[in-house]
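Each chain, written out:
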Amino acid sequence: MHIDIITCLPNLVASPFSDSILKRAQSKGIVEVDIIDLRAYATNKHRTTDDYAFGGGAGMVMLIEPIDNCITALKAKRQYDDIIYTSPDGERLTQSMANELSLKQNLIILCGHYKGVDERVREHLVTREISIGDYVLSGGELAAAVIADSVIRLIPGVLSDETSALSDSFQDDLIAPPVYTRPAEYKGWKVPDVLLSGHQAKIEAWRHEQSLERTRKKRPELLKKGDL
Ligand code: SAH
């Protein structure tokens, strides 16, 4: 998979991709992440990427021209499955959307800033708008990192234990069961006996029961009618 992240603040996006799982995914060659500095595509004298809003009002608006130039240059190199704009009013990011995106080959994620982008970018240049939740961030950079992280960890070979993404919360509309590690007893607080039993079938049954119980308690809306 190849992901291009277009931003006017490249430093803000770099760090999540330079550590741990996301870094390993790149060094293993499973994913390429390019962080593209939008300023390189600015055409005016001061290489600015924003301007005052027509009609007045507080807050700057990101110019269409540098964004169009940047996307056009990227499209000359490869075909994109989606050109995503991070936006608080977009489709809400979910695990099933991350699953779907993890099957794509090439993605662009455009980060907004200030008041957002000139509306014509949304009308004509992007194919999809994604929100990471009902709150407003200062820029799309953190949202882009969240989207990319949720997608990249699902690509086979990225997580060392291939099954581990499958047992995460939401993957089957259930919350993940509790997990424990050594010591088996700490300050008198014990790990459930079944986990120490070595009886794999019983352990799996217990985990499934715990998942159901947690989901009933914490996120009952995730359970489909039949399961209740
Ligand atoms: N004026 C806009 C908010 C702009 S916030 C509005 O009221 O809808 C600046 C930028 O941060 C946005 O353009 C978007 O790219 C990003 N952003 C803010 N909140 C976000 C969220 N919840 N999900 C994804 N991107 C977000």
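The structure reproduced in this document is the subject of the present report.

Rules and cut-offs
Residues numbered from 1 in each chain as written. Predicted model: local features only at pLDDT ≥ 70, side-chain atom pairs only at ≥ 80, totals over all residues. Heavy atoms only, no water. Near = heavy atom within 4 Å. Polar contact = N/O pair within 3.5 Å; in protein donor to acceptor, adjacent residues only side chain to side chain. Helix = DSSP H or I, 4+ residues; strand = E, 2+ residues; numbered from the N terminus. Nonpolar A, V, L, I, M, F, W, Y, C, P; charged D, E, K, R; others polar. Contact = heavy atoms within 4.5 Å. Salt bridge = Lys/Arg side-chain N within 4 Å of Asp/Glu carboxyl O. Buried < 20%, exposed > 50% of the residue type's maximum accessible area, 1.4 Å probe, protein only. Core = buried A, V, L, I, M, F, W, Y, C linked by side-chain atoms within 4.5 Å. Expected span 1.5 Å × (residues − 1).

Around the ligand sit 20 residues, and of these Y85, T86, G133, Y135 and L137 come closest. Residue T86 places a main-chain N or O atom 2.6 Å away from an oxygen atom belonging to the ligand. Contact between the ligand and G140: an oxygen atom at 3.4 Å from a main-chain N or O atom of the residue. For the shell around the ligand, the secondary structure elements donating two or more residues are β5 (82-92) and β7 (128-131). Of the residues forming the shell around the ligand, the biggest block, four residues, is contributed by β5. Residue composition of the shell around the ligand, grouped by class: nine nonpolar, 10 polar and one charged.

Glancing now at unusual backbone geometry. With an omega of 0°, the peptide bond running from R182 to P183 counts as cis. Looking at where P183 falls in the secondary structure, it is placed in the loop between α6 (141-152) and β8 (185-186). Positioned with a positive phi, R47 is a non-glycine residue whose angle comes to about 50°. Positionally, R47 belongs in the loop between β2 (32-37) and β3 (50-52).

Now for the side chain of Q171. Assignment of secondary structure puts Q171 in the loop between α6 and β8. Separated by 2.8 Å, the side chains of Q171 and Q95 make a polar contact. With near-sequence residues (within four places) excluded, Q171 lies in contact with Q95, N99, L154, A165 and L166.

So, on to the pattern of salt bridges. Throughout the structure, instances matching the rule amount to 12 salt bridges. Of the charged contacts, one joins R128 and D82 as a salt bridge, the two residues approaching to 3.3 Å between their closest N and O atoms. Highlighted residues: R128 in strand β7 and D82 in strand β5, separated in sequence by 46 residues. Comparing R128 with D82 shows no difference in burial state: the two are buried. With its nearest N and O atoms 3.6 Å apart, the salt bridge here joins E204 to R207. Of this pair, E204 and R207 both sit in helix α8 (residues 200-218), separated by three residues, roughly a single helical turn. Taken together, the shared-partner salt bridges in this structure form one network comprising D82, E91, E100, K104 and R128.

So, on to the nonpolar core. Among the nonpolar cores identified, the biggest contains 30 residues, and I3, I5, F17, L101, I109 and I152 are the most heavily contacted of them. The element best represented in this core is α6, accounting for six residues. Judged by nonpolar contacts, the second largest core, of 18 residues, contains Y80, Y85, V117 and L125.

Taking 1.5 Å of rise per residue, the 12 residues of α6 would be expected to cover 16 Å, and the 16 Å separating its terminal C-alpha atoms lies within 8% of that figure. Most of α6 is tucked away, with nine of its 12 residues classed as buried. Among the residues making up α6, those that are buried are E141, A143, A144, A145, I147, A148, S150, V151 and I152.

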